[in-house]
Amino acid sequence: MGGRVNEDLIKERRKCTFDIKELTHIIDCGEENTIKRKQIDNYILNIKELWDDVPEEYLSHKERYENAIKKAFIVLKVLRQLHTGNIQITDHRTPTNVYSIQDGIFRNVNPLLIHIGLFWSTIAAQASTEQQAEWLQPDSSMIGTYVQTELGHGSFIRGIETTATYDSTTDEFILHTPRLSAYKWWPGGLGNTANACLVMAQLYINGTCHGLHIFLAQIRDFDTHKPLPGIKVGEIGPKMGFNTADNGFLGFDNHRIPRTNMLMKNVQVLRDGTYVKPKHDKLTYGSMLLTRVTLISDLAYQLSKAATIAVRYSAVRRQSPIKSNEPERQILDFVSQQHKLFITIASSHVYRVVGLWMWNSHKRVTADIHEGNMGQLPELHALACCLKAISSRDASALVEQCRLACGGHGYMMASNLPQIYAYTTAAVTYEGEYTVLLLQTARYLVKFWRLAAEHKPLPQNFAYFEDYIKKNFEQWRNSPEGIIEGFKAIVAGKTKAAYDTLQCNLRNGREFEEAWNMASVQLTNASEYSTISRNDIEALQSRYEELLALIRPNAVGLVDAFDIRDEVLCSTLGAYDGRVYERMMEEASKSPLNEDVVNESFHKYIRPVTMKNKL
Ligand SMILES: CCCCCCCCC/C=C/C(=O)SCCNC(=O)CCNC(=O)[C@H](O)C(C)(C)COP(=O)(O)OP(=O)(O)OC[C@H]1O[C@@H](n2cnc3c(N)ncnc32)[C@H](O)[C@@H]1OP(=O)(O)O
Ligand SMILES: Cc1cc2nc3c(=O)[nH]c(=O)nc-3n(C[C@H](O)[C@H](O)[C@H](O)COP(=O)(O)OP(=O)(O)OC[C@H]3O[C@@H](n4cnc5c(N)ncnc54)[C@H](O)[C@@H]3O)c2cc1C
């Protein structure tokens, strides 16, 4: 769509006092990544069949899926070329390398997301070398998904009911869904797309349950795509978002797979049924840990999209004068609007940096585990839990805040803010629900508070617990160091409060599990404070409004630096040229309800009523 850039945006860009390109390179982790990202963007943007302009809101549930699947396999082919071709994607998966361009193509979500993001990565992390050689062929016929959650169990995975029973007479596992609540429910791509899956099931050998293990199972014929005998599979229906994710259900009726289909890098079942234990019984949970780590960067990227849309719109939208005798102001001039939006820009940078740090921490700990050293795994798990929980809760709240800050036009699907919210808020639930993960981190905090309370040696990361007990904290100074000290005091104080409540419940004769449950609100609070969040940033900064005023002249420059193309933003409000009203009117014209001057329903339903007594 041609046309002049909005005058207010031109002025905003002139006001910018820093080098936007330099910040873009920092966000991309280096200029060479920016170049590669733009190469990928241009390469994919030139594939015309990926960029239809029929808004998916006007498609049926079935058409949406079919349209998404068509694009998904074009993108899969491109990703394979990128990995094998001359454009190598850097080894840290920050969203600006790969995911950003996909957002523009799918707007909702890629039906192959779990195939690309969880199926292959789980095989690579948990299958033996021989199994990887067989299953990770580039031309493999397998399109997979990760099948763990059941109708009856999502958070408490030790309660998962699907069984995998070893039959030594045939050297096979029998996968079985004993009852309705054991039906697998939710896995992405499962409904119509996947022909194979990684199943989390309770392993039984000679009547003994060895707990959850992962098994590869083909579920559809590679040639006809028909479900195999003993397989009941389908799609679970419309959701708040993710409506092209093809989430499905799956039931096994005594479905047999070879023994060698159990993922056996860390654990083995031998031909005679001998069970060889893993070095750590939570290695099987590794895919959840990796996805939680990856999500932090993805959420940072979702925040950058919402901030770009809302800040550019707020620079263009003029509403209400500040002085009655003056023209209406850019809503970005209202301090309350700055308060709503600038925290989103800041949070995107915070979670991008934290996401990268966690990604590199995960790589380091994984290498240690490969050498047999599990020492860092508990801390990585505890960090991944609270960071995934808080970043998803913050991201969904801030995306919603951006939508609300755009008034009625933010409520239009054409703004793309509703879709970004629907996508982001799902992350508070999937891959470990918010409260459940915070309680995991609370276990870790309480463990070290107990050591501090008993004056036992503490790892360096928890030295501040000892400082707190010895009242070593200085008076709060309004500086970065002072804020961090303040923060440590808050976490230590919240952990102490939760720990003391727990001890009090135990002294009152409660069993540990009951005492823990009764203290769980304080325990989740302690975990929340172990992670910097949007509420804390404001609370910790005095002279807050002065800081907002400092950011104001650079607000548009800061979101331009996220360098998200209009085709990816998919937003009437957030386009680079700021021609909001023209774009809104153009999108409205696509509504099928504008095809006829008089819709046929007038003659069928309205006229018979309105004209009844006048004929
Ligand atoms: C771009 C991208 C877009 C990506 C876009 C993605 C799209 C959507 C994809 C979504 C996919 C899914 O949702 S897949 C399904 C996701 N499901 C989940 O995440 C389920 C959440 N629930 C769980 O993870 C578990 O049930 C959990 C809550 C941890 C409890 O497990 P258990 O009961 O087995 O363990 P507990 O008894 O609580 O704890 C026992 C000990 O084990 C430790 N422990 C527990 N889990 C651990 C772990 N993973 N690693 C290490 N250690 C662990 C604890 O710290 C304890 O240590 P001590 O304290 O020392 O004893
Ligand atoms: C968009 C989307 C995509 C998904 N994709 C997949 C996928 O690809 N593969 C897959 O296997 N799964 C997938 N899931 C399922 C997801 O992992 C589960 O929904 C999630 O783990 C939560 O489990 P649940 O829904 O059974 O909720 P429950 O576990 O029933 O929890 C419901 C509520 O109960 C409370 N609660 C539960 N346990 C506790 C506790 N111990 N302490 C305190 N409160 C508690 C919490 O408030 C929680 O929100 C997906 C889900 C969504 C929404």
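Residues numbered from 1 in each chain as written. Chains lettered and ligands numbered in written order. Predicted model: local features only at pLDDT ≥ 70, side-chain atom pairs only at ≥ 80, totals over all residues. Heavy atoms only, no water.

**Q** Even after reading the chapter, I still don't get the packing of aromatic side chains, so can you show me in this structure?
**A** Given two aromatic rings, one states the distance between the centres and the angle between the planes to describe the pair. Taken as a whole and assessed by the stated rule, the structure comprises 16 aromatic pairs. With centroids separated by 5.8 Å and ring planes inclined at 70°, the aromatic side chains of F242 and Y430 adopt a geometry described as edge-to-face. In this pair, F242 is assigned in the loop between strand 7 (231–235) and strand 8 (248–252) and Y430 in the loop between helix 11 (417–426) and helix 12 (434–453), connecting sequence segments 188 residues apart. Look at F242 and you get buried, because its relative accessible area is 14%. Through successive ring pairs, a cluster of aromatic residues spans Y444, F448, W449, F462, Y464, F465 and Y468. In this arrangement the basic side chain of R13 is found over the ring face of Y576, its NZ or CZ atom lying 3.5 Å from the centre. For the cation-ring pair, K471 lies above Y468, with the distance from its terminal atom to the ring centre recorded as 5.9 Å. (Phe/Tyr/Trp six-rings, centres within 6.5 Å; stacked < 30°, edge-to-face > 60°. Helix = DSSP H or I, 4+ residues; strand = E, 2+ residues; numbered from the N terminus. Buried < 20%, exposed > 50% of the residue type's maximum accessible area, 1.4 Å probe, protein only. Lys NZ or Arg CZ within 6 Å of the ring centre and 35° of its normal.)

**Q** Sorry if this is basic, but what is going on with the side chain of N110 here?
**A** As for its placement among the helices and strands, N110 is situated in the loop between helix 5 (99–106) and helix 6 (113–126). Its relative accessible area of 5% is what places N110 among the buried residues. Residue contacts for N110: discarding those within four places in its chain leaves A72, Q102, I116 and T244. (Contact = heavy atoms within 4.5 Å.)

**Q** Looking at this structure, I do not really get the pattern of salt bridges. What am I missing?
**A** Two side chains carrying opposite charge are able to pair once their charged atoms lie near each other. The full count for this structure, using the stated rule, is 35 salt bridges. Two residues, E587 and K590, come together in a salt bridge whose shortest N-O distance is 2.8 Å. Look at E587 and you get partly exposed, because its relative accessible area is 23%. Within this structure, E12, K15, K323, E326, R329, D333 and R552 form a network of salt bridges that share partners. (Salt bridge = Lys/Arg side-chain N within 4 Å of Asp/Glu carboxyl O.)

**Q** What am I meant to see in the UniProt feature "binding site: FAD" (unreviewed entry) in the protein chain here?
**A** Cross-referencing UniProt, the feature "binding site: FAD" (unreviewed entry) maps to T149 and G188 in the present numbering. In summary, the annotated positions, though distributed over 40 residues, converge in three dimensions, the widest C-alpha pair being only 10.9 Å. Counting through the fold element by element, T149 comes out in the loop between strand 1 (146–147) and strand 2 (163–167). Once residues lying within four places of it in the same chain are set aside, the contact partners of T149 are G154, Y183, K184, W185 and W186. By relative accessible area, G188 is classed as buried at 9%. Not counting residues within four places of it along the chain, the set of residues in contact with G188 comprises I114, T145, A245, D246 and N247. (UniProt positions renumbered as here; feature names shortened; annotations may be inferred.)

**Q** What exactly am I supposed to notice about the site of ligand 2 here?
**A** Ligand 2 sits among 19 residues. The nearest are Y146, Q148, T149, S155 and E433. Here T149 contributes a side-chain N or O atom positioned 2.8 Å from a nitrogen atom of ligand 2. With respect to ligand 2, the side chain of E433 contributes an N or O atom lying 3.2 Å from an oxygen atom. When ligand 2 is considered free in solution it has 970 Å² of accessible area, and contact with the protein chains removes 63% of it. (Near = heavy atom within 4 Å. Polar contact = N/O pair within 3.5 Å; in protein donor to acceptor, adjacent residues only side chain to side chain. Areas by Shrake-Rupley, 256 points an atom, 1.4 Å probe, with all protein chains shown as cover.)

**Q** Just to check I follow, could you spell out the pairing of strand 9 (residues 255–258) for this structure?
**A** Across a regular strand the side chains alternate sides, sitting on one face of the sheet and then on the other. Residues H255 and I257 point to one face of strand 9 and are all buried, whereas R256 and P258, pointing to the other face, are not buried. The pairing of strand 3 (residues 172–176) with strand 9 spans four bridges and is antiparallel. Opposite I174, over in strand 9, you have R256 as the bridge partner. (Pairing = 2+ DSSP bridges.)

**Q** Any chance you could explain the environment of I40 here in plain terms?
**A** Examined against the element boundaries, I40 turns out to sit in helix 3 (residues 31–45). Given a relative accessible area of 4%, I40 falls into the buried group. When the C-alpha positions of I40 and S591 are compared, they lie 32 Å apart, and in sequence the two are 551 residues distant.

**Q** I'm lost on a positive patch on the surface in this one. Help?
**A** On the surface, a cluster of positive charge is made up of R158, K282, R443 and K447. Checked against the element boundaries, R158 lands in the loop between strand 1 and strand 2. With relative accessibility at 59%, the residue R158 sits in the exposed group. (Patch = residues over 30% accessible without salt bridge, like charges linked within 9 Å, V, L, I, M, F, W, Y side chains within 5 Å. Lys, Arg positive; Asp, Glu negative; His and termini not counted. Charge placed at Lys NZ, Arg CZ, Asp CG, Glu CD.)

**Q** Sorry if this is basic, but what is going on with the domain arrangement of the protein chain here?
**A** How big an interface is tends to be stated in terms of accessible area lost as the parts join. Looking at the protein chain, the domain boundaries give domain 1 (143–285) and domain 2 (435–530). Between the C-alpha centres of domain 1 and domain 2 the distance comes to 38 Å. (Domains from an automatic or database assignment.)

**Q** What exactly am I supposed to notice about the site of ligand 1 here?
**A** Neighbouring ligand 1 are 27 residues; S155, R158, K282, Y285 and R292 lie closest to it. Taking K447, its side chain carries an N or O atom lying 2.8 Å from an oxygen atom of ligand 1. Taken by itself ligand 1 offers 1200 Å² of open surface, and the protein chains cover 84% of this. Put simply, the parts of the chain that give the shell around ligand 1 at least two residues each are helix 6, helix 8 (286–316), helix 10 (377–404) and helix 12. At five residues, helix 8 tops the list of elements feeding residues into the shell around ligand 1. When its residues are assigned to classes, the shell around ligand 1 shows 12 nonpolar, eight polar and seven charged. Inspection of the shell around ligand 1 shows a minimum of three residues originating in each of domain 1 (143–285) and domain 2 (435–530). (Nonpolar A, V, L, I, M, F, W, Y, C, P; charged D, E, K, R; others polar.)

**Q** How do you make sense of the environment of L190 when you look at a structure like this?
**A** Following the sequence through the fold, L190 ends up in the loop between strand 4 (184–185) and strand 5 (196–205). When its relative accessible area of 0% is taken as the criterion, L190 is described as buried. Sequence-distant contacts of L190, that is, excluding residues within four places in its chain, are made with T145, V147, I219, V233, D246, G248, F249 and L250.

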